[in-house]
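Inside the fold
Each chain, written out:
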Amino acid sequence: MIELKGVSCRFGSTVAVDAINLTVETGEVCVLVGSSGCGKSTTLRMINRLLPHSAGEISVDGQDIRRIDVRKLRLNMGYAIQGTGLFPHWTVARNVALVPKLLGWSRDRITTRVDELLTLLGLAPETFANKYPEQLSGGQAQRVGVARALAADPNILLMDEPFGALDAITRDNLQNEMLRIQRQVHKTTVFVTHDIDEALRLATRIAVMDQGRILQHDTPENILRSPANAFVENLLGSQDRGLKLSALRRVGDAMSRHPQPCEPDLETDWLSEDDSLRQALSVMLWHEAEQLPVRDAGGAEIGVLSRDQIWTGAT
Ligand SMILES: Nc1ncnc2c1ncn2[C@@H]1O[C@H](COP(=O)(O)OP(=O)(O)OP(=O)(O)O)[C@@H](O)[C@H]1O
Ligand SMILES: [Mg+2]
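Quick caveat, the model's predicted, so the values are computed rather than measured.

Tallied over the full model, the rule gives two cavities of 30 Å³ or more. Taken as a whole, the largest cavity spans an internal volume of roughly 50 Å³. If you go around the largest cavity, the residues you meet are V146, L150, L157, M159, M178, I181, Q182, V185 and K187. Elements with a minimum of two residues in the lining of the largest cavity: helix 7 (138-150), strand 7 (156-160) and helix 8 (168-185). Among the elements that line the lining of the largest cavity, the one with the most residues is helix 8, at four residues. A class-by-class count of the residues in the lining of the largest cavity yields seven nonpolar, one polar and one charged. Approximately 40 Å³ is the volume attributed to the second largest cavity. As for the second largest cavity, its lining consists of L121, V146, F163, L174, E177, M178 and I181. For the lining of the second largest cavity, the element with the highest residue contribution is helix 8, accounting for four residues. Class assignment of the residues belonging to the lining of the second largest cavity gives a composition of six nonpolar, no polar and one charged.

On to the packing of helix 7 against helix 8. For the pair helix 7 and helix 8, the least separation of the axes is 10 Å and the interaxial angle reads 20 degrees. By the angle between their axes, helix 7 is roughly parallel relative to helix 8. In this structure, helix 7 meets helix 8 at a crossing whose hand is right-handed. Residue-level contacts link G139, Q142, R143 and L150 of helix 7 to T170, N173, L174, E177 and I181 of helix 8.

Right, let's talk about the pairing of strand 10 (residues 213-218) for a bit. Bridge analysis of strand 9 (residues 205-210) against strand 10 gives five bridges, and the strand direction is antiparallel. Residue pairing for strand 10: I206 is matched across the bridge by D218.

Here the focus is the side chain of N48. Position of N48 among the secondary structure elements: in the loop between helix 1 (40-47) and strand 4 (55-60). Not counting residues within four places of it along the chain, the set of residues in contact with N48 comprises L73, R74, M77, Y79 and L158.

Right, let's talk about the domain arrangement of the protein for a bit. As far as domains go, the protein holds domain 1 (2-246) and domain 2 (251-314). Between domain 1 and domain 2, the C-alpha centre-to-centre distance is 34 Å. Facing five residues of domain 1, the contacting portion of domain 2 comprises five residues. Roughly 430 Å² is buried in total at the junction of domain 1 and domain 2, and carbon and sulfur atoms are behind 56% of that figure. Of all residues in domain 1, the largest losses of buried area upon contact with domain 2 belong to L243, L245 and S246, amounting jointly to 85% of the total for that side. Counting every contact that joins domain 1 to domain 2 gives zero salt bridges. Applying the counting criterion to the domain 1 and domain 2 interface returns two residue pairs in polar contact (both at pLDDT 80 or more). Broken down by element, the residue count for the side of domain 1 that touches domain 2 peaks at four residues, all from helix 12 (residues 241-247).

In this section: the sheet that holds strand 3 (residues 29-33). Strands sit in the order 6-7-8-3-9-10 across an open sheet of six strands; the sheet is mixed. For this open sheet the edge positions go to strand 6 (77-81) and strand 10, each flanked by a neighbour on one side alone. Recorded for the sheet is a direction-independent mean angle of 15 degrees between the axes of neighbouring strands. Inspection of the sheet shows strand 6 paired to strand 7 by five bridges, in the parallel sense. Bridge pairing links Y79 to L158 in strand 7. Where helix 1 meets the sheet, it contacts strand 3, strand 6, strand 7, strand 8 (188-193) and strand 9, and its direction lies at approximately 150 degrees from that of strand 7. Relative to strand 6, helix 7 is tilted by about 165 degrees, and along the sheet it contacts strand 6 and strand 7.

Another aspect to go through is the pairing of strand 14 (residues 301-306). Of all six residues that make up strand 14, six are buried, and the element is covered over most of its length. Pairing between strand 11 (residues 256-262) and strand 14: three bridges, direction antiparallel. Within strand 14, the position partnered with S256 by the bridge is V304. Between strand 13 (residues 291-295) and strand 14, which follow one another and run antiparallel, lie five residues, and G299 among them has a positive phi close to 95 degrees.

Because an α-helix completes one turn every 3.6 residues, residues spaced three or four positions apart along the sequence face the same direction. For helix 7, with 13 residues, the first-to-last C-alpha span of 19 Å sits near the 18 Å given by 1.5 Å per residue. Across the 13 residues that make up helix 7, a large majority, eleven, are buried. Burial in helix 7 covers these residues: G139, A141, Q142, R143, V144, G145, V146, A147, R148, A149 and L150. For helix 7, the secondary structure elements touched by its buried residues are strand 6, helix 3 (92-96), helix 4 (98-102), helix 5 (107-120), strand 7 and helix 8.

Cut-off values and rules
Residues numbered from 1 in each chain as written. Chains lettered and ligands numbered in written order. Predicted model: local features only at pLDDT ≥ 70, side-chain atom pairs only at ≥ 80, totals over all residues. Heavy atoms only, no water. 1 Å grid on protein atoms, 1.4 Å probe; cavity = no way out; pocket = protein on both sides within 12 Å on 5 of 7 lines; lining within 4 Å. Points joined across faces, edges and corners; volume = space filled by probe spheres on them. Helix = DSSP H or I, 4+ residues; strand = E, 2+ residues; numbered from the N terminus. Nonpolar A, V, L, I, M, F, W, Y, C, P; charged D, E, K, R; others polar. Axes fitted to C-alpha atoms, helices over the stretch in contact; angles between N-to-C directions. Parallel < 35°, antiparallel > 145°, perpendicular 65-115°, else oblique. Left-handed = near helix turned anticlockwise from the far one by under 90°. Contact = heavy atoms within 4.5 Å. Pairing = 2+ DSSP bridges. Domains from an automatic or database assignment. Buried area = accessible area lost by both parts, 1.4 Å probe. Salt bridge = Lys/Arg side-chain N within 4 Å of Asp/Glu carboxyl O. Polar contact = N/O pair within 3.5 Å; in protein donor to acceptor, adjacent residues only side chain to side chain. Buried < 20%, exposed > 50% of the residue type's maximum accessible area, 1.4 Å probe, protein only. Expected span 1.5 Å × (residues − 1).

Here you go:
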């Protein structure tokens, strides 16, 4: 869907992006990760033509972006940035409605859509629609930024450290929401971060960048298992790799299932199928448990996970 071939960007004598090749498939979440100044934002901004590329070719659905009307191109690409870029004198609702309005949607359709999006992002419309950005917390403002990017149902989402300035808990919540929304709407997404854990969690594939080049482009699992060089290995934190790998696996894929769900033992702590093996390991360490029951959303016990299964599941 998005293809960059030999794409470069220069600012005077600085080469910000150096002849990169990158393909982002439809519905995929491609995360660009790397240290400050490596060219992540520049790459993103070339895709929506906020910056011109100085060499190479960028295409969307097989069409060279220089041949697409720039307004049309951008209306099809939601763009969310760190610090949100919300208009301070506009209400939340008006901010979210920006692109639908540009597209000439009817008032009713806009109101319905704004309500739907605020709800999707966990912001009750009756509370938040008429607030101004300065009346929001950082996390709430980021959510509005994401809602605005999704507003006109663009095929592509470009997100530049949208959760960058947030505390760990809010960030964790927004990452969960992002994963949930992604399961519902499957947008082709290019997401920029310098946080490798965020990248591992959200990406279908990660592109590791350094000094304007892509060092490795692969799934989180493959990057963890076989980092292409010392730079990537260092970024992953060599002593943490085992735990990071276990964070990619679900309890549901490693557990043994009971033939029939049964009444749970209310005394013991328990796991959910969607917990990661890393979380399961932590709970087991805490309780010094050899194994723990797994319950479904309704509370019935559906199986057990043992320490051995964490070992085999995570390696
Ligand atoms: N408008 C500009 N004029 C001149 N140089 C620029 C401009 N924008 C970016 N650069 C340079 O291009 C390089 C890449 O910048 P870019 O903003 O893409 O980095 P980044 O990976 O997004 O970094 P960060 O994590 O700090 O946001 C840097 O060396 C930066 O100084
Ligand atoms: Mg940047």
